[in-house]
Amino acid sequence: GIRKPGKWNDKGGNNKWSNDRKHSGRDDGHKTRDRNTYSNEKDFKRSGFQIRTSKFGPRDNSVSNFHRPPASSLDVVVIPIVYARSGQKETVYPYCERCVEMLGEAGLRAWMDNDKHMLVGRKFNYWEFAGVKHRIEVGVSEVEHQNYVLATVTQPGQVATKETFLKEDFGVMVAKIKQMLNQQEEKKLKK
């Protein structure tokens, strides 16, 4: 069972099989210190240490220079469904902006989430857990067929119930949203 000295077990400790290695753990030159271990900001910048970021921005999922209104100030969120670099924004965004204007004229607080840093599914998830129960989804097919998809969520994380309304039935969709919002307010008052 004992290995003989030789190629893989020399006494110099220069290979990965010997027990007397000079370095153990992660002591191979990586800068693992954080900002708090430095005495001031100059030392931190001079050290060459950088906060890890991906090419899409900071790793803590915060999006710089993008302001979202609080969910409590919204009744409906309009979410455009477009793919990056496909040229769909030119047709979908104006249709969504017009939808937001019409919802505002009808007395609903609406906002279009055109954040390019989040995928569509994450936007759905974000607004569900933020507390906005109703969203209008608009993609290229909705623009072509001149309709809207109203998605209503009862519990965050569950599958939304979806209904398609033609552009001519916009008033019916608004009435349905208002009716559901009134039912939600009544439930809150009963509790």
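For the structure, see preceding data.
Notes on the structure in this doc start here. (Residues numbered from 1 in each chain as written. Predicted model: local features only at pLDDT ≥ 70, side-chain atom pairs only at ≥ 80, totals over all residues. Heavy atoms only, no water.)

Side note on the pattern of salt bridges
Counting across every chain of the model gives nine salt bridges. For R98, the salt bridge identified is with E101, shortest N-O distance 3.2 Å. A residue pair is termed a helical-turn pair when its members lie 3 or 4 positions apart in one helix, as R98 and E101 do in helix α2 (residues 89–105) at three residues. Exposure remark for R98: the relative accessible area of 37% places this residue in the partly exposed category. In this structure, E163 engages K176 in a salt bridge whose closest nitrogen and oxygen atoms are separated by 2.3 Å. Here K176 lies in helix α5 (residues 170–190) and E163 lies in strand β7 (residues 161–166), a separation of 13 residues in the sequence. (Salt bridge = Lys/Arg side-chain N within 4 Å of Asp/Glu carboxyl O. Helix = DSSP H or I, 4+ residues; strand = E, 2+ residues; numbered from the N terminus. Buried < 20%, exposed > 50% of the residue type's maximum accessible area, 1.4 Å probe, protein only.)

Considerations on α2
Taking 1.5 Å per residue as the helical rise, α2 with its 17 residues ought to reach 24 Å, and the 24 Å between its terminal C-alpha atoms agrees with that figure. Regarding α2, the residues found buried are V92, Y93, Y95, C96, C99, V100, M102 and L103. Turning to α2, the residues buried within the fold contact β3 (76–80), β4 (110–112), β5 (134–138), α4 (140–145), β6 (147–152) and α5. Just downstream of α2, G107 is the residue with a positive phi angle, here 95°. (Expected span 1.5 Å × (residues − 1). Contact = heavy atoms within 4.5 Å.)

Describing the nonpolar core
Residues V78, L103, I136, V138, Y148, F170 and M173 are the most contacted members of the largest nonpolar core, which totals 26 residues. Listing elements by their share of this core, those giving two or more residues are β3, α2, β4, β5, β6 and α5. Ranked by residue count, the leading element in this core is α2, at eight residues. Beyond its immediate sequence surroundings of up to four residues, L103 is in contact with V76, V78, L108, A110, I136, F170 and V174. Among the nonpolar cores identified, the runner-up in size contains eight residues, and A71, L74, F124 and W127 belong to it. (Core = buried A, V, L, I, M, F, W, Y, C linked by side-chain atoms within 4.5 Å.)

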